[in-house]
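So the chains spell out like this:
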Amino acid sequence: MTSLHWGYWKNRDAINLENLKKAQTHYTKKLAKMIPDDVRQILDVGCGIGDNASYLVNKGYDLTCISPEIKHQAALRKIVNGQAAFQLTGIEDYSYTGEFDLALMSESSNYFDADIGFTKLQNLVRKEGYILSASIFRRAPTKQYLSFHIENDWVASAKAHGFEVVERIDITEQALPNVALMKSIVSTYIIPSAELFGKYVSGSKGIKARTGSFFLNPSIKHMVDFFNNGYGGQMSNPDLFRKHASYIFYLLKNNS
Ligand SMILES: C[S@@+](CC[C@H](N)C(=O)[O-])C[C@H]1O[C@@H](n2cnc3c(N)ncnc32)[C@H](O)[C@@H]1O
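Just so it is clear, the model here is predicted, and its values are computed rather than measured.

(A) View of the pattern of salt bridges. Per the counting criterion, the structure on display carries seven salt bridges. Lysine 22 is paired through a salt bridge with aspartate 13; the nearest N and O atoms lie 3.7 Å apart. For aspartate 13, a relative accessible area of 22% corresponds to the partly exposed category. Salt-bridge contacts for lysine 71 lead to glutamate 69; the nearest nitrogen and oxygen are separated by 2.9 Å. Classification of lysine 71 as exposed rests on a relative accessible area of 57%.

Spelled out as structure tokens, the structure:
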């Protein structure tokens, strides 16, 4: 995998893994186009495996990347080839004596509390600097999609910390093919394989197989349930996603 985000799909592209790669590249370009002209130094908050950072480095920006996941450190180092700084930390514990022109949050803002994030970024982003965010939001306080911020609450938190909205672009329709792709992968491969594996384990003879079956079957049931009724099911249901969630690019300006 060369990227962790959902991508920006073009209308006529067939929904398959090859076109996911194209959509992910298109997403990075689309997001980068929103960067204002007076930006040079960027903090990539939750950089993942570094494909956005690599694109931005090649465009001439100075990148500092942070992520609390150790595997991202190695992946990023490989992709940016020493051309971007990396710190193994979440935003909550990150400190820096200087200031950035822009903080990028590409599918990372939902991993931390909005107030904590904006409090940190208020000090890390220079006056009249920016936050560029790409994120899934809940439309209202529903039970579904609980791991995402409610959009109005997140914007209210941004404003309370001195960030005003400069631009808002709704890309829900362009991101949704990714949900359809997940649905097709889950229903074509994951659930049938898990069920088949479960049947194989239950049908096997011998003490080892019976012990394996005892431990494995609940996990398999749990996994199938996760994809049918749980979070995995929500993330692979385009109609449910459209009803309760949205995918928004935001450019915010620090007026504090
Ligand atoms: C879905 S990935 C997105 C990666 C990348 N930005 C992209 O667009 O492909 C979420 C990223 O947020 C990072 N993350 C998780 N918790 C975080 C935190 N508390 N502070 C900053 N980043 C965090 C994860 O380690 C991961 O790198």
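(B) Focus on a negative patch on the surface. There is a patch of like negative charges on the surface, built from Glu92, Asp93, Asp113 and Asp115. Looking at the element boundaries, aspartate 115 is found in helix H4 (residues 114-124).

(C) Examining the pairing of strand E1 (residues 41-45) more closely. By the criterion of burial, E1 is predominantly enclosed, with four of the five residues buried. As paired elements, E1 and strand E2 (residues 62-67) share five bridges and run parallel to each other. Within the sheet, the bridge partner assigned to isoleucine 42 lies in E2 and is leucine 63. Tracing the backbone out of E1, into helix H2 (residues 51-58) and back to the parallel element E2 gives a crossover that is right-handed. Summarising the sheet, E1 and strand E4 (residues 100-106) pair through three bridges and their orientation is parallel. Paired with leucine 43 across the bridge in E4 is alanine 103.

(D) Broad picture of the sheet that holds strand E5 (residues 125-138). Read across the sheet, seven strands follow the order E3-E2-E1-E4-E5-E7-E6 without closing on themselves; strand pairing throughout is mixed. Across the chains shown, the open sheet's two edge strands, defined by having one partner strand only, are strand E3 (84-88) and strand E6 (163-170). Across the sheet, the mean angle separating the axes of adjacent strands is 20° when strand polarity is ignored. Running at roughly 175° to E3, helix H3 (residues 70-80) makes contact with E2 and E3 of the sheet. Together, E4, E5, E6 and strand E7 (245-254) form the strand contacts of helix H5 (residues 151-160), whose direction differs from that of E7 by roughly 5°.

(E) Geometry of the site of the ligand. Around the ligand sit 20 residues in total, of which Gly46, Ser67, Ile91, Glu92 and Ser106 are the nearest. In this structure, glycine 48 approaches the ligand through a main-chain N or O atom, which is 3.0 Å from an oxygen atom. In this structure, serine 67 approaches the ligand through a side-chain N or O atom, which is 3.0 Å from an oxygen atom. Taken by itself the ligand offers 590 Å² of open surface, and the protein chains cover 93% of this. Residue classes in the shell around the ligand are distributed as seven nonpolar, nine polar and four charged.

About the criteria used
Residues numbered from 1 in each chain as written. Predicted model: local features only at pLDDT ≥ 70, side-chain atom pairs only at ≥ 80, totals over all residues. Heavy atoms only, no water. Salt bridge = Lys/Arg side-chain N within 4 Å of Asp/Glu carboxyl O. Buried < 20%, exposed > 50% of the residue type's maximum accessible area, 1.4 Å probe, protein only. Patch = residues over 30% accessible without salt bridge, like charges linked within 9 Å, V, L, I, M, F, W, Y side chains within 5 Å. Areas by Shrake-Rupley, 256 points an atom, 1.4 Å probe, with all protein chains shown as cover. Lys, Arg positive; Asp, Glu negative; His and termini not counted. Charge placed at Lys NZ, Arg CZ, Asp CG, Glu CD. Helix = DSSP H or I, 4+ residues; strand = E, 2+ residues; numbered from the N terminus. Pairing = 2+ DSSP bridges. Right-handed = clockwise from strand over helix to strand, strands pointing away. Axes fitted to C-alpha atoms, helices over the stretch in contact; angles between N-to-C directions. Contact = heavy atoms within 4.5 Å. Near = heavy atom within 4 Å. Polar contact = N/O pair within 3.5 Å; in protein donor to acceptor, adjacent residues only side chain to side chain. Nonpolar A, V, L, I, M, F, W, Y, C, P; charged D, E, K, R; others polar.

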